[in-house]
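Coordinate inspection notes
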Amino acid sequence: MQVLRRALLGLLGIQVALVAGLTLTDSYRRRGKKPQPFPVTKPQQVPVGEGTVTTYTYGQDLYDDMIAAIDAARHQVLFETYIWKGDEVGESFKAALARAADRGVEVYAIYDAFANLVVPPAFKRFPPSLRVLAYPVYNAGLRFFDLRRYGRDHRKILVVDDDTAFVGGYNVGAAYATEWRDTHCRITGPGVWDLKRAFADFWNSQRGRRWADGDERPLLIETASAWESRIRVHRNLPRQWSFPIRAMYLDAIDRARRNIWMTHAYFIPDENFVEALVAAARRGVDVRILLPQTSNHVVADWLSRGYFSQLLSAGVRIFRYQDAMVHAKTATVDGEWSTIGTANIDRLSMTGNYEVNVEFIDAGLARAMEEVFRTDESNAVELMAGDWAGRGFTRRFAEVVLAPLRPVL
């Protein structure tokens, strides 16, 4: 036991040193380096059922339409984000919400306090006309060992009246407006209602906590009960130990017969997820995964690389996005199925955080998402199996040492 204990402590020490070294090296390399311009797909509006879905791949286009929607609000605005920077973009959203409240619109806002620790406290002081909830940094109270209480609020939702909703990967900040490649969508029609319910349910689950104006009343909403069969909203709810987004992905992958095209910022799947992709590729499905060449989390990059050999040997194609951070969380399958949302393919998103993904079963939207993927491919380099097999010993060693961290991240 003593030998085993020393071996485990030694491995932990090596992991800590390696993570620290990778992080410091990455920080040094990034110093003074600006992301390069990247190709984007213009917003595309696609009719889906009784409403529409518009895709966004450039932050400034999205922010302009989100603020326009807030400025047009008549009754209610529900705004939720993971990161809300205190820069000019963050201030523009804060001002738009305040303007809406000043003209009598009910405004509710949620942000994750942990994700915004570095945001100046002055920015987090809001007018009393706004009802603002900062999802707490520590949420377990005295229930230290209750894993259901440690999830972060990683969702990004805006709902305006009953008419319009936005959801996707974009946080709020100046860098995301022009420097990051992400994907968001705007939904109109009956598909809005489930996103409205999603916001209200989360808000009401936090009623025991006080927000800016000290008001603890529940958020009561009225929405139609009709189903939009082409649009399904999936919510990961750690407090209820409910994680349907992973099941949604696995079901779509298992059904695939022609193609699976996925774009993700962080790709650290569990073994069942990897096996599903491998099985799809081996039955002749065109499986492509587009990832950042270098993300903003270097350790996540190294953990992701630990899966490349298994995937490449099965025929999965891996594309690495160049010179900018791709932060999208999207997929499209067989020209019929697509998803846009907030969940990454990693443990934190799949079985940890509050997340929301919208599933679309519509050929028109799938075509639009395939066009987005092809545009992104034009700015990516495919990783070939031979090149990957020839990587050096140092890289292989780092992958092996970091592998035990996969279930954590």
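Residues numbered from 1 in each chain as written. Predicted model: local features only at pLDDT ≥ 70, side-chain atom pairs only at ≥ 80, totals over all residues. Heavy atoms only, no water.

Let's talk about the pattern of salt bridges
Applying the stated criterion across every chain yields a total of 20 salt bridges. Close ionic contact of arginine 288 with glutamate 377 constitutes a salt bridge, the shortest N to O distance being 2.7 Å. Remark: glutamate 377 occurs in helix H11 (residues 363-377) and arginine 288 occurs in strand E12 (residues 286-292); sequence separation between them is 89 residues. Residue classification places arginine 288 among the buried positions, given a relative accessible area of 14%. (Salt bridge = Lys/Arg side-chain N within 4 Å of Asp/Glu carboxyl O. Helix = DSSP H or I, 4+ residues; strand = E, 2+ residues; numbered from the N terminus. Buried < 20%, exposed > 50% of the residue type's maximum accessible area, 1.4 Å probe, protein only.)

Side note on the packing of helix H6 (residues 244-255) against helix H7 (residues 271-282)
Interhelical geometry of H6 versus H7 gives an angle of 15° and a closest axis separation of 9 Å. Considering the angle they form, H6 stands roughly parallel to H7. The way H6 lies across H7 gives a crossing that is left-handed. In this structure, H6 contributes Arg246, Tyr249, Leu250, Ile253 and Asp254 to the contact, and H7 contributes Asn272, Phe273, Ala276, Leu277 and Ala280. (Axes fitted to C-alpha atoms, helices over the stretch in contact; angles between N-to-C directions. Parallel < 35°, antiparallel > 145°, perpendicular 65-115°, else oblique. Left-handed = near helix turned anticlockwise from the far one by under 90°. Contact = heavy atoms within 4.5 Å.)

What to know about the environment of alanine 368
Mapped onto the elements of the fold, alanine 368 is located in helix H11. A C-alpha to C-alpha distance of 9.7 Å links alanine 368 and serine 338, two positions 30 residues apart in sequence. Dropping the residues within four chain positions of it, alanine 368 is found in contact with Gln44 and Val46.

Considering a nonpolar patch on the surface
A grouping of Phe114, Leu117, Val118, Val137, Tyr138, Leu142, Phe144, Phe145, Leu147, Tyr150 and Trp241 is seen on the molecular surface, where their side chains present a nonpolar patch of about 1300 Å² in accessible area. Here phenylalanine 145 lies in the loop between strand E5 (131-135) and strand E6 (157-160). (Patch = residues over 30% accessible without salt bridge, like charges linked within 9 Å, V, L, I, M, F, W, Y side chains within 5 Å. Areas by Shrake-Rupley, 256 points an atom, 1.4 Å probe, with all protein chains shown as cover.)

Some points on the pairing of strand E7 (residues 164-168)
Burial runs high along E7: 5 of the 5 residues are buried. In E7, alternate side chains face the same way, and those of Thr164, Phe166 and Gly168 on one face and Ala165 and Val167 on the other are all buried. As judged from the 4 bridges shared by E6 and E7, these two strands associate in the antiparallel manner. Each bridged residue has a counterpart across the sheet, and for valine 159 the counterpart in E7 is alanine 165. (Pairing = 2+ DSSP bridges.)

Focus: the sheet that holds strand E3 (residues 76-81)
Spatial ordering of the open sheet is given by E1-E2-E9-E7-E6-E3-E4-E5, a layout of 8 strands whose pairing is mixed. Strands at the two margins of the open sheet, each flanked by one partner only, are strand E1 (44-48) and E5. Each adjacent strand pair in this sheet contributes to an overall mean axis angle of 15°, direction not counted. In this structure, E7 lies alongside strand E9 (residues 184-188), joined through 5 bridges in antiparallel fashion. Across the sheet, alanine 165 pairs through a bridge with isoleucine 187, a residue of E9.

Regarding the environment of lysine 85
Turning to its location among the elements, lysine 85 is positioned in the loop between E3 and helix H3 (88-102). Using a relative accessible area of 28% as the deciding quantity, one classes lysine 85 as partly exposed. Along the backbone, lysine 85 and valine 172 are 87 residues apart, and their C-alpha atoms lie at a distance of 6.1 Å. When residues no more than four places from it in sequence are discounted, the contact partners of lysine 85 are Gly90, Glu91, Asn116, Val118, Val119, Phe123, Val172, Gly173 and Tyr176.

Take it as geometry only, folks, not as evidence of what the structure does.
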